[in-house]
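# Results of the structural survey
So the chains spell out like this:
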Amino acid sequence: MNILITGASRGIGRETAKQLTLIDGNKVIAVSRNKAKLEELRSECKALNGKSQLITLPFDLTSDNIKDELFPKIVHEVDHLDILINNAGFLVNKPFLELDSEDIQKVFNTNLFAVIKLIQMLLPLMGKHGKTSIVNIGSIGGYKGSDKFTGLSIYSASKGALSTLSECLAEEFKDLNINVNCLALGGVNTEMLHQAFPGYKAPVNPEQMAAYIVDFCQGEGMQSSGKVIVPDLW
Ligand SMILES: NC(=O)c1ccc[n+]([C@@H]2O[C@H](COP(=O)([O-])OP(=O)(O)OC[C@H]3O[C@@H](n4cnc5c(N)ncnc54)[C@H](OP(=O)(O)O)[C@@H]3O)[C@@H](O)[C@H]2O)c1
């Protein structure tokens, strides 16, 4: 399968990219800004499976020239996509009144607007050679009716918008052979979590989370669309 995953340089995205790359026959395109970390992941995958195919495309997904710079590199590698995992994310933990416009822009640019631009750009590669599964990585904080956390208003709002976007696109793409789902994750032990909540230890590690995502995007994500799912790991 041809797979593109964003935010693959660390945390949940790195582990998910690694597990998907180690499955024979998969070609995985990994996008995030840190070139050295992407290269490190590629070497690690090669050492574990000499036939593995991990293509690393260092890129800032919030930049304006995504279509001119990133798209040609992607179509150079694949003529279609079976799976797109929008995992890259950014979190600000600050009281609402202390948020400045830079915080708000950065959170929404990364967690929502970049996803919109990427899906619009990649649509010509989807649904043409069988089903394409889009999996958006949301958060329990953006899940309707969930417990909310002080300091996470703008982050949670961006993830709430992402889950609504997923439901809307599932409807809009239903005749295009494209499924869109959103996974609303709870706490996972990554640098993002530890920077936002120093000292807190979550019950789930990136390897466990990645195994769930890998299973989901190849299984239920291919069967159903329009779901916002809280994985049963917490
Ligand atoms: N960890 C949790 O407890 C938790 C809970 C709920 C939801 N989530 C969601 O799960 C996803 C992964 O979280 P994580 O904990 O693994 O986070 P993380 O450790 O902070 O990793 C975030 C990834 O996103 C990439 N990224 C950020 N901004 C980017 C940009 N402008 N362009 C390209 N790539 C960018 C980063 O790579 P570069 O720095 O190299 O660009 C990094 O690979 C996020 O969407 C997060 O909101 C996490």
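Structure: above.
Not measured: the values here are computed from a predicted model.

Reading the values: rules and limits
- Residues numbered from 1 in each chain as written.
- Predicted model: local features only at pLDDT ≥ 70, side-chain atom pairs only at ≥ 80, totals over all residues.
- Heavy atoms only, no water.
- Near = heavy atom within 4 Å.
- Areas by Shrake-Rupley, 256 points an atom, 1.4 Å probe, with all protein chains shown as cover.
- 1 Å grid on protein atoms, 1.4 Å probe; cavity = no way out; pocket = protein on both sides within 12 Å on 5 of 7 lines; lining within 4 Å.
- Sits in = over half its atoms within 2 Å of the grid points.
- Helix = DSSP H or I, 4+ residues; strand = E, 2+ residues; numbered from the N terminus.
- Nonpolar A, V, L, I, M, F, W, Y, C, P; charged D, E, K, R; others polar.
- Phe/Tyr/Trp six-rings, centres within 6.5 Å; stacked < 30°, edge-to-face > 60°.
- Buried < 20%, exposed > 50% of the residue type's maximum accessible area, 1.4 Å probe, protein only.
- Points joined across faces, edges and corners; volume = space filled by probe spheres on them.
- Contact = heavy atoms within 4.5 Å.
- Salt bridge = Lys/Arg side-chain N within 4 Å of Asp/Glu carboxyl O.
- Pairing = 2+ DSSP bridges.
- Axes fitted to C-alpha atoms, helices over the stretch in contact; angles between N-to-C directions.

Let us now look at the site of the ligand. Taken together, 29 residues form the shell around the ligand, and within it Arg33, Asn87, Tyr155, Val188 and Thr190 come nearest. Within the complex, 94% of the 870 Å² of free accessible area of the ligand lies under protein. Judged by its atoms lying within 2 Å of the grid points, the ligand is housed in the largest pocket. Elements with a minimum of two residues in the shell around the ligand: α1 (11-21), β5 (132-139), α5 (153-172) and α6 (191-196). Grouping the constituent residues of the shell around the ligand by class yields 11 nonpolar, 14 polar and 4 charged.

In this section: the packing of aromatic side chains. A full pass over the atoms with the stated rule returns 2 aromatic pairs. When the ring of Phe108 is compared with that of Phe113, the centres are 6.1 Å apart and the planes differ by 40°; the resulting orientation is tilted. When its relative accessible area of 17% is taken as the criterion, Phe108 is described as buried. Assessed through its relative accessible area of 37%, Phe113 is described here as partly exposed.

We now examine empty space enclosed by the protein. Tallied over the full model, the rule gives 1 cavity of 30 Å³ or more. Taken together, Thr6, Leu61, Asn86, Ala88, Thr110, Ala114, Val115 and Leu118 make up the full set of residues lining the largest cavity. In terms of residues, the lining of the largest cavity owes the most to one element, helix α4 (residues 101-122), which gives 4 residues.

Let us look at the environment of Gly138. Tracing the backbone through its elements, the reader meets Gly138 in strand β5. Separated by 46 residues in the primary sequence, Gly138 and Ala184 have C-alpha atoms spaced 4.4 Å apart. Contacts of Gly138, omitting those with residues within four sequence positions, involve Lys159, Leu162, Cys182, Leu183, Ala184 and Leu185.

Quick look at the pattern of salt bridges now. Taken as a whole and judged by the stated rule, the model has 8 salt bridges. A salt bridge links Glu77 to Lys27; its shortest N-O distance comes to 3.4 Å. Taken as a pair, Glu77 in helix α3 (residues 66-77) and Lys27 in strand β2 (residues 27-32) lie far apart in primary sequence, 50 residues in all. On the basis of relative accessibility, which here comes to 16%, the residue Lys27 falls in the buried class. With its nearest N and O atoms 3.1 Å apart, the salt bridge here joins Arg42 to Glu39. Linking Arg42 with Glu39, this pair stays in helix α2 (residues 35-48), spanning 3 residues, or about one helical turn.

The sheet built from 7 strands is open, its strands ordered β3-β2-β1-β4-β5-β6-β7 with parallel pairing. Looking at which strands have only one partner, the edges of the open sheet turn out to be β3 (53-58) and β7 (228-229). Examined bridge by bridge, strand β1 (residues 2-6) and β2 share 5 bridges and lie parallel to one another. Bridge pairing in β2 links Ile3 to Val28. Each of β1, β4 (83-86) and β5 touches α4; the most contacted strand, β4, lies at about 165° to it.

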